[in-house]
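Survey of secondary and tertiary structure
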There are 2 protein chains.
Amino acid sequence: MTTGRILHLLPVSLGDSPLQDWLPESVRATAARLDTYIAENAKTGRAFLKQIGTIRPIQDITIHTLSPRTPPAEMRQWLAALPDSGEIGLVSEAGCPAVADPGAHVVALAHQLNITVRPWVGPSSILLGLMASGLSGQQFAFHGYAPIDAAARAKTLKLWETHSARHQQTQMLIETPYRNMAMLATLLSSLKGDTRLCVARALTTPQEYVMTRTVAEWQRTPPPELDKQPTLFLFLARA
Amino acid sequence: MTTGRILHLLPVSLGDSPLQDWLPESVRATAARLDTYIAENAKTGRAFLKQIGTIRPIQDITIHTLSPRTPPAEMRQWLAALPDSGEIGLVSEAGCPAVADPGAHVVALAHQLNITVRPWVGPSSILLGLMASGLSGQQFAFHGYAPIDAAARAKTLKLWETHSARHQQTQMLIETPYRNMAMLATLLSSLKGDTRLCVARALTTPQEYVMTRTVAEWQRTPPPELDKQPTLFLFLARA
């Protein structure tokens with residue numbers, strides 16, 4: 001039996017950019033009226049609440065902090081405490097909650113507890129990067145991080161390239177921002193010359209940069225500045 | 001040398017819902033001032049322009065129609081005709097352009113012609129479904145359509161399930177809306193009982209429905225009504 005309880009999945013910004021650039025007004029208004037949140041990071045959670053202009057003072061809003069080490073029993077308590085017709089918001093550290101962050105566990109519990117899950121529109125570097133890449137959006141895979149060990153990393157990238165060629169599937173990965181330049185160098189030394197590689201940096205911010213070139217073309221070009229800036233790497237191998 | 005030309009990637013609605021629910025104000029304002037568009041479907045393109053309230057009368061806006069059969073030379077002409085600092089919009093039939101539609105070719109040409117590609121935030125059933133599923137957002141793959149032939153379809157679903165178990169990768173697929181009920185039945189007869197399956201229907205509209213259950217639980221439950229409603233199917237197999 002449904003009791004009208006709702007878990008709202010609320011996207012936050014990808015960087016320093018005005019609210020009206022990246023959040024629909026209804027999403028802002030919904031986020032502004034909630035009195036309970038689950039946030040991956042309480043500090044960025046409060047920054048988001050400040051930006052959207054909450055109806056209540058921020059100190060009157062409950063924020064549960066979620067980490068990859070939060071026990072499932074604790075997450076379950078947060079949700080089970082919702083009264084009939086109660087609502088709670090979930091926010092990640094950047095972008096859309098439950099994509100490449102621990103929020104997915106909270107969402108899974110909500111389904112188990114028959115709480116309605118409502119996803120709201122907002123920025124996702126994965127989706128924006130895919131759109132802007134010009135690579136195939138018919139089939140694609142997001143892998144998160146590549147292995148750290150150099151040999152395993154090169155081997156894995158080549159494996160993804162083979163899979164990409166066979167299935168015409170765009171491959172997407174991220175890297176810890178201070179290692180972005182090293183990742184670009186590894187991609188250029190591991191992938192085939194005719195594989196198309198897209199670099200999508202700092203999406204939705206004034207530093208936004210998106211460029212797709214073949215690996216051979218990238219090798220002849222001075223690399224873009226990616227150090228410490230959130231970047232998505234995408235590639236599609238020739239069939 | 002850049003000449004300040006821009007290709008704007010503008011999301012359109014996923015169904016019948018108010019603009020403020022799914023489009024940030026800056027995206028609306030940007031779309032409203034452009035005088036040239038590339039649209040997958042001229043009729044839905046015009047409906048979008050009407051909804052956002054263009055500055056010019058719609059009949060004064062040029063709309064090039066893009067289909068999977070549009071020759072690349074013709075797409076190139078549309079882009080090459082842009083003057084210095086000229087801007088053009090790309091819209092798909094529903095959701096975000098260049099994801100699961102022919103717009104990716106236009107974006108690829110823009111990169112070749114050194115036209116800046118600017119992706120804007122908006123609704124994507126793939127991303128919203130992934131967020132709301134509670135399945136892994138750390139690794140995921142979108143496959144588009146499964147094979148039509150019954151034997152090939154069941155075999156492919158099982159292959160994706162094996163891949164999902166091995167890599168803990170969420171698998172996503174779509175179906176022609178009038179075949180959704182048959183697809184759900186095939187998923188329930190092909191996948192393992194402990195595989196988690198999410199059905200995400202009519203996202204961002206009043207008919208929105210998202211539910212994640214194990215295949216065994218789905219088999220014991222009356223199926224939701226999916227006929228002729230856009231639906232994303234997602235699953236994650238147990239490791």
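Parameters and conventions
- Residues numbered from 1 in each chain as written.
- Chains lettered and ligands numbered in written order.
- Predicted model: local features only at pLDDT ≥ 70, side-chain atom pairs only at ≥ 80, totals over all residues.
- Heavy atoms only, no water.
- Buried < 20%, exposed > 50% of the residue type's maximum accessible area, 1.4 Å probe, protein only.
- Helix = DSSP H or I, 4+ residues; strand = E, 2+ residues; numbered from the N terminus.
- Pairing = 2+ DSSP bridges.
- Axes fitted to C-alpha atoms, helices over the stretch in contact; angles between N-to-C directions.
- Contact = heavy atoms within 4.5 Å.
- pLDDT = per-residue confidence, 0-100.
- Lys, Arg positive; Asp, Glu negative; His and termini not counted.
- Salt bridge = Lys/Arg side-chain N within 4 Å of Asp/Glu carboxyl O.
- Polar contact = N/O pair within 3.5 Å; in protein donor to acceptor, adjacent residues only side chain to side chain.
- Least-squares fit on C-alpha atoms with pLDDT ≥ 70 in both.
- Nonpolar A, V, L, I, M, F, W, Y, C, P; charged D, E, K, R; others polar.

Let's shift gears to helix H5 (residues 103-112) of chain B. Residue pairs three or four apart in sequence face the same way in an α-helix, which turns once every 3.6 residues. Residues and elements named next belong to chain B. Within H5, eight of the 10 residues are buried, which leaves it mostly tucked inside the rest of the structure. Taken together, the buried positions of H5 are Gly-103, Ala-104, Val-106, Val-107, Ala-108, Leu-109, Ala-110 and His-111. Of the residues one or two after H5, Asn-114 is the one with positive phi, at around 55°.

Another point: the sheet that holds strand S3 (residues 62-65) of chain B. Residues and elements named next belong to chain B. Taken in spatial order, the five strands line up as S3-S2-S4-S1-S5 in an open sheet, and their pairing is parallel. Where the open sheet ends on each side, the last strands, each with one partner, are S3 and strand S5 (116-119). With direction set aside, neighbouring strand axes in the sheet form an average angle of 25°. Relative to strand S4 (residues 87-91), strand S1 (residues 6-9) runs parallel, the two being bridged by four bridges. Each residue of the ladder has a partner; that of Leu-9, found in S4, is Leu-90. Where H5 meets the sheet, its contacts fall on S1, strand S2 (36-39), S4 and S5, and the angle it forms with S1 comes to roughly 155°.

Looking at chain A, pLDDT values average 95 and 99% of them are 70 or higher. Here the prediction assigns the complex a pTM of 0.95, and the interface score ipTM is 0.95.

We now examine the side chain of A:Arg213. For A:Arg213, the position within the fold is in strand S9 (residues 209-214). Buried within the structure, A:Arg213 lacks any salt-bridge partner; A:Glu217 is the closest side chain of opposite charge, at an N-O distance of 4.8 Å. Separated by 2.8 Å, the side chains of A:Arg213 and B:Asn114 make a polar contact. The residues touching A:Arg213, leaving out its near neighbours within four places in the chain, are A:Thr195, A:Arg196, A:Leu197, A:Trp218, B:His111, B:Gln112 and B:Asn114.

Once that is clear, we can look at the relation of the copies chain A and chain B. Between chain A and chain B, which share one sequence, the superposing operator has a rotation angle of 180° and an axial displacement of 0.0 Å; the RMSD is 0.0 Å. Both copies are brought into coincidence by an operation consistent with a two-fold rotation axis. Of the interface residues in chain A, 100% have counterparts in chain B that sit at the interface too, so the contact is made through matching surfaces.

When the parts of a complex come together, some accessible area is lost, and that lost area is often taken as the interface size. With 57 residues of chain A at the contact, the number on the chain B side is 57 residues. The tally of links from chain A across to chain B stands at zero salt bridges. Where chain A meets chain B, there are 18 residue pairs in polar contact (both at pLDDT 80 or more). Counting only elements with at least two residues in the side of chain A that touches chain B, the list comes to helix H1 (19-22), helix H2 (25-33), helix H5 (103-112), strand S5 (116-119), helix H6 (125-133), strand S6 (140-145) and S9 of chain A. Classifying every residue of the side of chain A that touches chain B gives 32 nonpolar, 18 polar and seven charged. As paired elements, S6(A) and strand S6 (residues 140-145) of chain B share three bridges and run antiparallel to each other.

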